[in-house]
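# Fold and contact review
Spelled out, the chains give:
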Amino acid sequence: MAQSYRKERISVAFLLDNLRGAVGAEVEVSVEGQPAERYVREDVLHRPGLVLAGYIDLFTHERVQVLGNTEIRFLQHLTPEKRQEAVRQLMQFEVPCVFVTSGNAVPAELIQAAQTANVPVYSTPEPSVDFMQKLRDFLRDQFAQQKTVHASLIDVYGVGIMLMGKAGIGKSEIALDLVERGHRLVADDVVIATRKGNVVMGAGTELGQHFMEIRGLGLVDVRAMFGIRAIRFQKRVELVVDLHLWDPDEEYTRLGMIEGYYSLLGLDLPVVKLPIVPGKNITVICEVIAMNYLLQHYGYDAAEIFAHRLSEQIKKNSNGPGRGVEYFESDTE
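To start, this report covers the structure provided alongside it. (Residues numbered from 1 in each chain as written. Predicted model: local features only at pLDDT ≥ 70, side-chain atom pairs only at ≥ 80, totals over all residues. Heavy atoms only, no water.)

## Concerning the overall build of the protein chain
- The number of helices and strands found in the protein chain is eleven helices and 19 strands.
- Residues counted as buried form 43% of the 333 residues belonging to the protein chain.
- If you take every contact in the protein chain between residues at least 6 apart in sequence, the share linking residues at least 24 apart comes to 70%.
- By element, 51% of the accessible surface of the protein chain is carried by carbon and sulfur atoms, the whole surface being about 18,700 Å². (Helix = DSSP H or I, 4+ residues; strand = E, 2+ residues; numbered from the N terminus. Buried < 20%, exposed > 50% of the residue type's maximum accessible area, 1.4 Å probe, protein only. Contact = heavy atoms within 4.5 Å. Areas by Shrake-Rupley, 256 points an atom, 1.4 Å probe, with all protein chains shown as cover.)

## Some points on the nonpolar core
- Core analysis: the largest hydrophobic core is formed by 29 residues, its most contacted members being Ile-161 and Leu-243.
- Among the elements of the structure, strand S9 (152–156), strand S10 (159–164), helix H7 (171–180), strand S14 (211–214), strand S17 (239–245), strand S19 (267–276) and helix H9 (282–297) are those that each provide at least two residues to this core.
- With near-sequence residues (within four places) excluded, Ile-161 lies in contact with Ser-152, Leu-153, Ile-154, Val-156, Leu-239, Val-241, Cys-286 and Ala-290.
- Residues Ile-72, Val-87, Val-98 and Val-121 belong to the second largest nonpolar core, which totals 21 residues. (Core = buried A, V, L, I, M, F, W, Y, C linked by side-chain atoms within 4.5 Å.)

## Points about the packing of H7 against H9
- Where H7 contacts H9, the axes come no closer than 9 Å and their chain directions differ by 70°. Taken together, the axes of H7 and H9 are roughly perpendicular relative to one another. Where H7 crosses over H9, the handedness of that crossing is right-handed. Residues Ile-174, Asp-177 and Leu-178 of H7 lie in contact with H9, whose contacting residues are Ile-282, Thr-283, Cys-286 and Glu-287.
- Tallied by class, the residues present in the contact of H7 with H9 amount to four nonpolar, one polar and two charged. (Axes fitted to C-alpha atoms, helices over the stretch in contact; angles between N-to-C directions. Parallel < 35°, antiparallel > 145°, perpendicular 65-115°, else oblique. Left-handed = near helix turned anticlockwise from the far one by under 90°. Nonpolar A, V, L, I, M, F, W, Y, C, P; charged D, E, K, R; others polar.)

## As for the sheet that holds strand S8 (residues 146–150)
- Sheet architecture is open: four strands sit in the order S8-S12-S13-S16, paired in antiparallel fashion. The sheet terminates laterally at S8 and strand S16 (234–236), the two strands that pair on one side only. Between one strand axis and the next, the sheet turns through 30° on average, direction left out of account. (Pairing = 2+ DSSP bridges.)

## So, the pairing of strand S15 (residues 218–221)
- In this structure, S14 lies alongside S15, joined through four bridges in antiparallel fashion. Residue pairing in the sheet places Phe-211 in a bridge with Asp-221 of S15.
- Linking two consecutive strands that pair antiparallel, namely S14 and S15, is a turn of three residues; a positive phi of about 90° is found at Gly-216 within it.

## Quick word on unusual backbone geometry
- Look at Asn-118: it is not a glycine, yet its phi comes out positive at around 60°.
- Topologically, Asn-118 is positioned in the loop between helix H5 (108–117) and strand S7 (121–123).
- One non-glycine residue, Leu-265, lies in the positive phi region at around 55°.
- Turning to its location among the elements, Leu-265 is positioned in the loop between strand S18 (261–264) and S19.

## As for a nonpolar patch on the surface
- Taken together, the side chains of Leu-50, Tyr-55 and Leu-58 present a nonpolar region at the surface, about 370 Å² in accessible area.
- Among the structural elements, Tyr-55 can be located in the loop between helix H2 (49–52) and strand S5 (64–67).
- Exposure remark for Tyr-55: the relative accessible area of 41% places this residue in the partly exposed category. (Patch = residues over 30% accessible without salt bridge, like charges linked within 9 Å, V, L, I, M, F, W, Y side chains within 5 Å. Salt bridge = Lys/Arg side-chain N within 4 Å of Asp/Glu carboxyl O.)

## A look at the packing of aromatic side chains
- Inspection of every chain in the model, using the stated rule, returns four aromatic pairs.
- Judged by centre distance (5.3 Å) and plane angle (35°), the ring pair of Phe-99 and Tyr-122 falls under tilted. Placement of the pair is Phe-99 in strand S6 (residues 98–100) and Tyr-122 in strand S7, with a sequence separation of 23 residues.
- By relative accessible area, which is 1% here, Phe-99 ends up buried.
- The interplanar angle of 50° and the centroid separation of 5.1 Å between the aromatic rings of Phe-99 and Phe-131 together place this pair among those described as tilted. Pair noted here: Phe-99 is in strand S6 and Phe-131 is in helix H6 (residues 128–143), with a separation of 32 residues, a long-range link. Each of the two residues, Phe-99 as well as Phe-131, counts as buried.
- Grouping aromatic residues by their ring pairs yields a cluster made of Phe-99, Tyr-122 and Phe-131.
- Its guanidinium or amino end placed over the ring of Tyr-39, Arg-9 lies 3.8 Å from that ring's centre, counting from NZ or CZ. (Phe/Tyr/Trp six-rings, centres within 6.5 Å; stacked < 30°, edge-to-face > 60°. Lys NZ or Arg CZ within 6 Å of the ring centre and 35° of its normal.)

## Thoughts on the environment of Ile-169
- Inspection of the secondary structure assignment puts Ile-169 in the loop between S10 and H7.
- Ile-169 sits 74 residues away from Leu-243 along the chain, and the two C-alpha atoms are 7.3 Å apart.
- Apart from residues lying up to four places away in sequence, Ile-169 is in contact with Leu-243, His-244, Leu-245 and Ile-276.

## Remarks on the environment of Lys-235
- Note on placement: Lys-235 falls in strand S16.
- Take Lys-235: its relative accessible area is 8%, and that puts it in the buried class.
- Taking the C-alpha atoms as reference points, Lys-235 and Gly-160, separated by 75 residues in sequence, lie 6.1 Å from one another.
- Not counting residues within four places of it along the chain, the set of residues in contact with Lys-235 comprises Leu-153, Asp-155, Gly-158, Val-159, Gly-160, Val-186, Val-200, Met-201 and Gly-202.

Written out as structure tokens, the structure reads:
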């Protein structure tokens with residue numbers, strides 16, 4: 001099974017390209033440095049106000065530095081000599097890069113010190129809080145723990161179901177049938193699982209996104225064939241359906257659907273063990289599994305309701321012959 005992994009670093013050039021593209025942040029280059037040779041290694045940001053004021057003992061210089069209204073106003077209130085000394089305190093460390101937010105003009109002393117230290121400086125008109133939220137979310141995605149899983153991921157009635165099983169058991173065929181019935185494909189064959197807090201998000205690979213390989217048929221482009229409504233780029237993984245061939249020696253559950261848990265990136269996901277036999281409609285069963293999960297989410301558990309009714313009937317029968325006993329007695333005559 002594939003091991004989990006986590007990125008150790010990303011280049012500042014990669015960070016800048018994605019902020020402009022995927023994140024949509026407006027960023028301008030204020031100082032041309034060597035961004036491809038500088039790297040970000042943490043998903044935590046830092047505002048170096050105390051460093052500009054002269055306190056450098058606990059400066060986490062390896063983080064992306066953000067200068068907002070407070071830091072810029074502080075620099076503006078200093079004399080040119082003290083302002084030069086303040087930015088020198090900042091640039092003596094190998095910081096990855098500096099962002100000046102809220103449309104503030106980058107001080108000339110900061111530009112000069114950054115050019116000397118070869119530190120890229122960028123400016124953005126976005127407010128500090130909004131920009132930092134976008135930047136922090138992007139960095140968390142980049143440095144999140146990930147794992148590749150041999151499975152198919154489908155959005156069924158809003159529930160992320162990951163189909164697992166041995167190669168050739170029919171995961172892709174079931175996923176294709178679910179798509180044909182109006183559900184949405186997230187990934188086939190390879191799922192990139194990413195832990196975000198206490199949830200696991202699943203997505204496809206960049207190369208094979210929304211393509212399916214059907215044995216005996218070949219590659220199928222789900223997006224081109226079924227339309228944009230038939231796909232999702234990512235989905236929370238909520239259930240695991242373990243597909244395997246019917247084993248007559250194995251005892252299967254008769255009441256509850258959940259049979260244990262599957263550990264993925266340190267989180268336990270509920271597992272439904274689903275035996276496959278000729279003639280069984282796995283697609284409809286997957287839909288029922290999703291709907292039953294939704295019922296349980298809203299407080300209705302069919303197994304508990306049935307167990308309660310059975311317990312009540314046993315209590316009635318223990319007090320003497322009841323309607324249920326009479327029914328079974330007359331049925332055996």
